[in-house]
Amino acid sequence: MPTPERPSLIVRQKSPQNIEFPFASLSDWLIPTELFFVRNHFASPDLDARDWRLRVGGAVERPIELDLDSIKAMRSTTFTAVVECAGNGRVYYEPPKEGLQWQNGAVGNAPWTGVLLREILEMAGVKRTAREVLLVGADSGVVDANKKTASPGPIAFARSLPLEKAMAHSTILAYSMNEEALTRDHGYPLRAVVGGWFGMAWVKWITHITVVEQPFLGYWQARDYFRWERSLGEPRLVPLAEMEVKAQIARPVQGAHLIAGQPYRIFGAAWSGEAVIRQVQVCTGDGRGWREGRLLET
Ligand SMILES: Nc1nc2c(c(=O)[nH]1)N[C@H]1C(S)=C(S)[C@@H](COP(=O)(O)O)O[C@H]1N2
Ligand SMILES: [Mo]
């Protein structure tokens with residue numbers, strides 16, 4: 001038997017580095033860190049845990065400052081969660097859409113370990129007037145310099161979570177991924193893991209947490225990663241949140257030739273936002289019509 005080729009990452013952009021998992025090589029439900037996609041809006045900051053601090057302020061009773069050791073000394077929580085970039089699959093749009101032309105590998109699944117964001121917020125004491133929790137990363141830069149949507153000079157990567165999601169058991173500040181220390185590309189020393197939500201909420205390299213009393217309308221909330229929703233007749237801007245239900249076929253790849261009459265095992269993955277996937281159905285076609293089949297989960 002020929003030895004299977006070692007899958008290699010697909011570089012979508014060199015600087016800042018954006019790399020895609022080769023989805024056709026999917027072989028397990030967990031993705032090893034070396035193959036995990038990386039989505040960066042700016043260069044990844046090279047942080048040193050010795051002088052890194054997490055500062056929690058805003059609408060809290062007691063602003064706090066924590067170092068990595070004291071966060072690691074807190075009660076830890078581990079769970080496995082899928083992170084999918086909201087731009088995953090963008091290359092398939094017709095007509096084409098502006099942005100990184102991801103195929104279907106801007107998604108990954110891994111076990112994450114950290115502390116509940118809730119416990120950190122409770123240490124600081126969230127005021128009753130609080131509405132959202134803003135997470136700010138250490139990376140920054142100028143966005144879309146020549147466009148009408150340009151950022152007002154350099155900005156950090158910052159996203160807010162509604163208080164309810166910030167307090168949920170599916171939201172942690174993680175220092176470990178795949179049972180190893182978080183790597184620089186994935187947010188060392190501390191990143192948000194927001195189970196069920198698209199990747200833009202999973203702020204990496206967190207340095208500041210600010211509890212806010214008004215909805216935050218920053219760049220990554222209102223100029224990117226939003227959709228229009230019509231309510232009360234008028235379209236209004238809604239920041240992206242939960243992932244959509246999705247199933248992707250890894251093999252056969254698009255355009256592959258299969259031998260008629262020979263069984264073929266279709267391989268792929270499915271995930272969703274806040275709910276569980278129970279069953280995946282595939283339809284097969286022979287050019288004349290579609291046949292429905294049922295795929296059992298393994
Ligand atoms: N600080 C910071 N956090 C960030 C980003 C970023 O550019 N800067 N990108 C976000 C986006 S859009 C995604 S999809 C995920 C990707 O996480 P990963 O690079 O660990 O796969 O990180 C999110 N967190
Ligand atoms: Mo993303």
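Source: prediction; values computed, not measured.

Quick look at the sheet that holds strand S8 (residues 155–162) now. Sheet architecture is open: five strands sit in the order S4-S3-S12-S7-S8, paired in mixed fashion. Each having just a single partner strand, strand S4 (64–66) and S8 make up the two edges of the open sheet. Across the sheet, the mean angle from the axis of one strand to that of its neighbour is 20 degrees, orientation sign disregarded. Relative to strand S12 (residues 206–212), strand S3 (residues 54–58) is paired through four bridges, and the arrangement is parallel.

We now examine the domain arrangement of the protein chain. Looking at the protein chain, the domain boundaries give domain 1 (42–101 + 108–239) and domain 2 (246–294). Between the C-alpha centres of domain 1 and domain 2 there is a distance of 33 Å. With eight residues of domain 1 in contact, the opposing surface of domain 2 contributes six residues. Run the count over domain 1 and domain 2 and you get two salt bridges. The salt bridge partner of Glu84 is Lys246, with a shortest N-O separation of 2.7 Å. Here domain 1 is connected to domain 2 by five residue pairs in polar contact (both at pLDDT 80 or more). Its residues placed into classes, the side of domain 1 that touches domain 2 shows three nonpolar, three polar and two charged.

Moving on: the packing of aromatic side chains. Evaluation of the coordinates by the stated rule reveals nine aromatic pairs. Consider the rings of Phe37 and Trp102, whose centres lie 6.3 Å apart with planes at 85 degrees: the pair is edge-to-face. Taken as a pair, Phe37 in the loop between strand S2 (18–20) and S3 and Trp102 in the loop between strand S5 (77–84) and strand S6 (107–116) lie far apart in primary sequence, 65 residues in all. Of the two residues, Phe37 and Trp102, both sit in the buried class. Ring geometry for Phe42 and Trp220: centres 5.9 Å apart, planes at 80 degrees, overall edge-to-face. Linking Phe42 in the loop between S2 and S3 with Trp220 in helix H4 (residues 219–222), this pair joins segments that are 178 residues apart in sequence. For Phe42, a relative accessible area of 7% puts it in the buried group. Overall, Trp220 belongs to the buried group, its relative accessible area being 3%. Counting every residue linked through ring pairs, the aromatic cluster contains Phe36, Phe37, Trp102, Trp112 and Trp202. Sitting over the ring of Tyr93, Lys97 keeps its end group 4.3 Å from the ring centre.

The rules behind these values
- Residues numbered from 1 in each chain as written.
- Chains lettered and ligands numbered in written order.
- Predicted model: local features only at pLDDT ≥ 70, side-chain atom pairs only at ≥ 80, totals over all residues.
- Heavy atoms only, no water.
- Pairing = 2+ DSSP bridges.
- Helix = DSSP H or I, 4+ residues; strand = E, 2+ residues; numbered from the N terminus.
- Axes fitted to C-alpha atoms, helices over the stretch in contact; angles between N-to-C directions.
- Domains from an automatic or database assignment.
- Contact = heavy atoms within 4.5 Å.
- Salt bridge = Lys/Arg side-chain N within 4 Å of Asp/Glu carboxyl O.
- Polar contact = N/O pair within 3.5 Å; in protein donor to acceptor, adjacent residues only side chain to side chain.
- Nonpolar A, V, L, I, M, F, W, Y, C, P; charged D, E, K, R; others polar.
- Phe/Tyr/Trp six-rings, centres within 6.5 Å; stacked < 30°, edge-to-face > 60°.
- Buried < 20%, exposed > 50% of the residue type's maximum accessible area, 1.4 Å probe, protein only.
- Lys NZ or Arg CZ within 6 Å of the ring centre and 35° of its normal.

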